[in-house]
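# Examining the three-dimensional arrangement
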Amino acid sequence: MPKAMLEVKELTTKYITRFREDVYAVDHVSLKVDEGRSLGIAGESGCGKSTLALSLMGYYFPPLYYTSGDIVIGGRTISGMNPDDVRKSILGNEIAYIPQAAMNALNPTRKIINFIEDVVQAHDLYITKKDIYDRARKLFETLGLPEDVLQKYPVELSGGMKQRTVIAVSVLLLPKVLIADEPSSALDVTSQKMVIKMLRQLMEIGYISSMIFITHELPLLYNVTDDIMVMYAGQIVEKATSHEAVFDPLHPYSKGLMGSIIVPEKGLRDVKLTAIPGVPPNLKNPPAGCRFAERCKFVRPECSMHSIPLQEVSGGRTYRCVLSETELREAYAREAHEHAK
Amino acid sequence: MKHTIQQIFQSGKFVFGFSIFATILLIVIIYPLVITDAPLAIIGQGTFFPPGIYVNVYDSMDSTPYILNLDDAVAKRIAGKLGDQERLDIKDWLVAAGIPENEIDTSNTEQLLEQWVNNYDPQKKVAGMTFARQRYYQRLDASLDGLLSIEGVTVAQKSLETGLLEEIDAVGQSDYVNISEVTNKRVLLLGTDNFGRDMLTELVSATATSLKIGFVAGIIATLIGLTLGLLGGYIGGTVDDVIMFVTNLFIVIPSFVLLILISYSIGQEQRGPITVAAVIGFTSWVWTAKAVRSQVVSLRNRDHVNLSKLSGHSIVHIIISDILPYIASYVVMALILQISSGILAEAGLSILGLGPKTTDVPTLGLMMNWAMIYQAHILGRWWAYLPVLITIALITFSMNLMNTGLDQVFNPALRD
Amino acid sequence: MKGYRKYFLNKMLWFVVTLVAAFILNFILPRLMPGDPVAAIVSRLAQGMSNSTGVQAIYEQYTELFGTNKPMLEQFFIYMKNVVRGDFGFSFSQYPRPVSEVIKASIWWTIALQFPAIIVGWIIGNSLGALAAYLKGGFDKVLMPVSIFVSNLPAFGMAVILLVIFAVNLKWFPTSGGYGFDLIPNMSWKFLWSVIVHYQLPFWSIVAITIGGQAIGMRSMAIYELNADYVKYSRFMGIKDRKIIGYVFRNAMLPQVTGLALSIGTMVGGALVAEIIFSYPGLGTTLLSGVMGQDYPLISAATLIITAMVLIANFLIEILYGFIDPRIKAAQSD
């Protein structure tokens, strides 16, 4: 039985706006990542995936607040923990976060090696500076980063280099879970590839035990993660293996996402481009039933009546829709047939 | 554009600052229409008359006297001449003169005065008393003369025929006149300055002049800064290098030094307010130029500008229609800053004695200068400098507030 | 140290260039004004003199002194030569005292007053601003309006207010001068104490004004830095708040130091006016008496010295910045 590195049950977190309104950006989300597995989270801007990433860390900065749910990392429940303990023993060494546009994540006036020393010392690990340096050097070497980066200031590194440095620093303490928030979005294509290669390498070598990769580019995940979760308006609408999610999406939204992207993968070249009309709902007052209802082609009256639970399909795959698997597949087949005409 | 203006007027800070400023402007405009006296007219003979209502004593005698019997009138009169300090001093003297202390009651005016009148001897040498103190007691004695009497005073006039004093009127202790019946009176809300000029009228006129100087200086400085910033920022290359060099030079070399040199060299005769404003304008454009330039540089490579370039528009056209609208907000804010710093620069210059001609119109700086030179602050004549200071502070404060408000509208990131 | 060489040279070059430019301006500006400066000065001085031969003699003497009868370029070199030697000519208003002596007497008072005052004000102002950004809440709400008010007062305004409250009304401090009227400068304790007492009000006025200006700026910088990405990332890597605050303030301080270098000119200007309010025997009062006495050589020399002081201060601050910003050294060493 594979060990669950990260287990999240019904996590709900909210933003409190300037006008004292509650916005539930993460609404009863559950997920599980086993040891050695990676999970991709895809969704459009504003669906809550970045908020989810932040929420998973267990440490909340206003205006983000924890409401309910459990977070278990490596068997340890962190959701109720004292924030100071979280900072000291969880952040960085149990679970690590790579922010979006990591270029700006480094203090411009601190050498890389000094920053690494700060990180190590913050966790009360009694290691000498020399040991820290050796460890860092070895890590950098493994990841293909030149050693002299350690002595440099962020301003002296290129964008791609900075991103990879940030990744390296994040895994320094061998966290169980690594959350990468759009690590490649701000980079050029070559650097993107290098970043992804690096992340996969980290998993293979064992520096990290599990990974969550967040992006808005669904097809990208096919090459990176084992499983994919699709998020919409604060909720998970589908979870499946990467292959299933990309080539055989069930939820109308996932299907729409795949349909609106040019993907030169084998098997997808014949898919015609369609955009999903409409915009996501305002999370201040989310609609009662399915949140995708107003944009869905296959909507029915019962979609908006009550909240829709996740339905399970064989093999641990889940999706959130009133329609059955068979009904959906039939609808998609009909649609493809019409397009072909 | 309309939306921007709406937003501006919704900003609390801007509205607050704007209302203060507008009030000042209104006062400056309306006051001279109502009170038409010349601001530099010397109406007081003597320095620093305190604020108050000045009633002509001569005319008050012609006015109908009304008899009012007020309970505390006598006590007040006595207290005016015989305050606590004076009573203690009298007691000191009496004790030193040999009267037993327990017989002296400072709160019993009649008895105290009686003891004083009976015992005071100006010739008497009291041990350890300085000459000045002796004189003090002599003056005190003179002022106490007739304190308790209830007689009024007689007014006599020299007869034109006989040359002798003839009694023409008597003024009783309970005679009051109604101020509105007295022919000549003058309200001096802020007293007079060291020359004897009505401070309030002078202040309003000075504010107007200072504002004018500020506006002119501000506009000149902003125009220069805008032009140089645009040219340097947009054209780039050698032009930019030259402009940058000159700008950096003038940032480091303190502008007030240049101001002093130029102002002095022009000579007092030539220094009308507008000339001073021009000089200030020509020495303070540096910050605006720098700010405009950096904005233009960042705009230079934007898509819409490139589009215009590709469409073949001339440089002037591009600058006016593609770049100016985006920097308009900065220019407005820079203008406000330049105006307020222009007013302050003029004040500083005037305090140094290098401000506009002193015989023409007053300015806020000049008023401060006069107050300082004639030591108003040391003499405690607060009305000669405090209102001026407050006015200066209000003007700069309101302008800065408007600027902060505008800043928050144009840069949403700054909203708290 | 080697890494700094390029940076130092750069700044040194700039310093020399600006000094030369200031020198030229100081020389040229008054002489560009229409009319013969000597004639104007002499005419003002000689008002009331009816002896035309006498006036003529004075005029010739001053022309000789000034060298205005020679071409501009030659005048310039004569001037430069004299300045290097420290000879600024004779003061008109305090004849026969040479200008250099007048300035020497007052320059130390100014340096001793303004230099520490601006530094102290800068340190306190920035600390308050940083605290306000970090603590937020009540402290911030009190500090902000006070700072805004103070920063809107012109320097002389603050000087007048302090003067009136503390010297005139409370009589805690003397109202003017650098030391007691009845004292002759010497090294006795009595004199030194008198100096210290007279020093307080001018000192604290300048400090107060500087605090007002700095606090607001630092607060904005600190708020900006506190919201920076690297702060969030450092937090997520578990780094303690105290360390992060250290990061933030160091980073926020750097632009403040640059700002100080750029605004030192204006600060000194304001401080000079404050000196005048207190009749403090520094360069400010010297300048004022020069203006009132139509003492052209004194004014010219005083402005040159003031400019030189500001340029030197600017240079020193830039050098200091090179030391505290680690990126400067790094950028040089490649």
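Heads up: the structure comes first, above all this text.
Residues numbered from 1 in each chain as written. Chains lettered and ligands numbered in written order. Predicted model: local features only at pLDDT ≥ 70, side-chain atom pairs only at ≥ 80, totals over all residues.

### Here's the deal with the overall build of chain B
- A count of helices and strands for chain B gives 17 helices and six strands.
- Against the 2.2 N^0.38 benchmark of 22 Å for 416 residues, chain B shows a C-alpha radius of gyration of 33 Å, more extended than a compact globule.
- When the backbone C-alpha atoms are referred to their principal axes, chain B occupies close to 105 × 50 × 50 Å.
- In chain B, which comprises 416 residues, the share counted as buried stands at 36%.
- Considering only residue pairs separated by 6 or more positions, chain B has 74% of its internal contacts joining residues 24 or more positions apart. (Helix = DSSP H or I, 4+ residues; strand = E, 2+ residues; numbered from the N terminus. Rg over C-alpha atoms; globule rule 2.2 N^0.38 Å. Buried ≥ 20, exposed ≤ 12 C-beta atoms within 10 Å, placed from the backbone. Contact = placed C-beta atoms within 7 Å.)

### What about helix 5 (residues 99-135) of chain C?
Residues and elements named next belong to chain C.
- Spanning 37 residues, helix 5 covers 52 Å between terminal C-alpha atoms, matching the ideal 54 Å at 1.5 Å per step.
- Approximately 25 degrees is the largest bend angle found in helix 5, and it occurs at serine 106.
- Following helix 5 by one or two positions, lysine 136 has its phi on the positive side, about 50 degrees. (Expected span 1.5 Å × (residues − 1). Bend = angle between axes of the 7 residues up to and from the residue.)

### Structural notes on the interface of chain C and chain B
- The partner chain B presents 34 residues to the 38 residues of chain C that form the contact.
- At eight residues, helix 10 (residues 241-277) of chain C tops the list of elements feeding residues into the side of chain C that touches chain B.
- Broken down by class, the residue content of the side of chain C that touches chain B amounts to 27 nonpolar, eleven polar and no charged. (Nonpolar A, V, L, I, M, F, W, Y, C, P; charged D, E, K, R; others polar.)

### Examining the sheet that holds strand 5 (residues 76-77) of chain A
Residues and elements named next belong to chain A.
- With antiparallel pairing, the four strands of this open sheet are ordered in space as 2-1-4-5. Every other strand in the sheet has two partners, leaving strand 2 (22-34) and strand 5 as the edge strands with one partner each.
- Pairing of strand 1 (residues 4-16) with strand 4 (residues 64-73) involves eight bridges; the strand directions are antiparallel. Bridge pairing in strand 4 links valine 8 to isoleucine 71.
- Lying over the sheet, helix 1 (residues 49-56) contacts strand 1, strand 2 and strand 4, oriented at roughly 65 degrees with respect to strand 2. (Pairing = 2+ DSSP bridges. Axes fitted to C-alpha atoms, helices over the stretch in contact; angles between N-to-C directions.)

### Quick look at the pairing of strand 10 (residues 235-241) of chain A
All names here are of chain A.
- Among the seven residues in strand 10, six count as buried, and that is most of the element.
- Judged from the two bridges that link them, strand 10 and strand 12 (residues 317-319) form a sheet pairing that is antiparallel. If you follow glutamate 238 over to strand 12, its bridge partner there is tyrosine 319.

### Remarks on the sheet that holds strand 9 (residues 227-232) of chain A
Residues and elements named next belong to chain A.
- With mixed pairing, the eight strands of this open sheet are ordered in space as 6-7-8-3-9-10-12-11. Here the strands that pair on one side only, and so sit at the sheet edges, are strand 6 (95-98) and strand 11 (311-313). Neighbour-to-neighbour, the strand axes of the sheet open up by a mean angle of 20 degrees, direction not taken into account.
- Note: strand 7 (residues 177-181) against strand 8 (residues 210-215), five bridges, orientation parallel.

### Considering the interface of chain C and chain A
- The interface is formed by 18 residues belonging to chain C together with 22 residues belonging to chain A.
- Contributions of two or more residues to the side of chain C that touches chain A are made by helix 9 (229-236), helix 10 and helix 13 (326-333) of chain C.
- With six residues, helix 9 of chain C is the single largest residue contributor to the side of chain C that touches chain A.
- When the residues that make up the side of chain C that touches chain A are grouped by side-chain class, the tally is eight nonpolar, three polar and seven charged.

### Examining the packing of helix 3 (residues 112-122) of chain A against helix 4 (residues 129-142) of chain A
Residue and element names in this part refer to chain A.
- Here helix 3 crosses helix 4 at 110 degrees, and the two axes come no closer than 10 Å. Classed by the angle they form, the pair helix 3 and helix 4 counts as roughly perpendicular. Between helix 3 and helix 4 lies a crossing of right-handed hand. In this structure, helix 3 contributes Ile113, Ile116, Glu117 and Val120 to the contact, and helix 4 contributes Lys129, Ile132, Tyr133 and Ala136. (Parallel < 35°, antiparallel > 145°, perpendicular 65-115°, else oblique. Left-handed = near helix turned anticlockwise from the far one by under 90°.)

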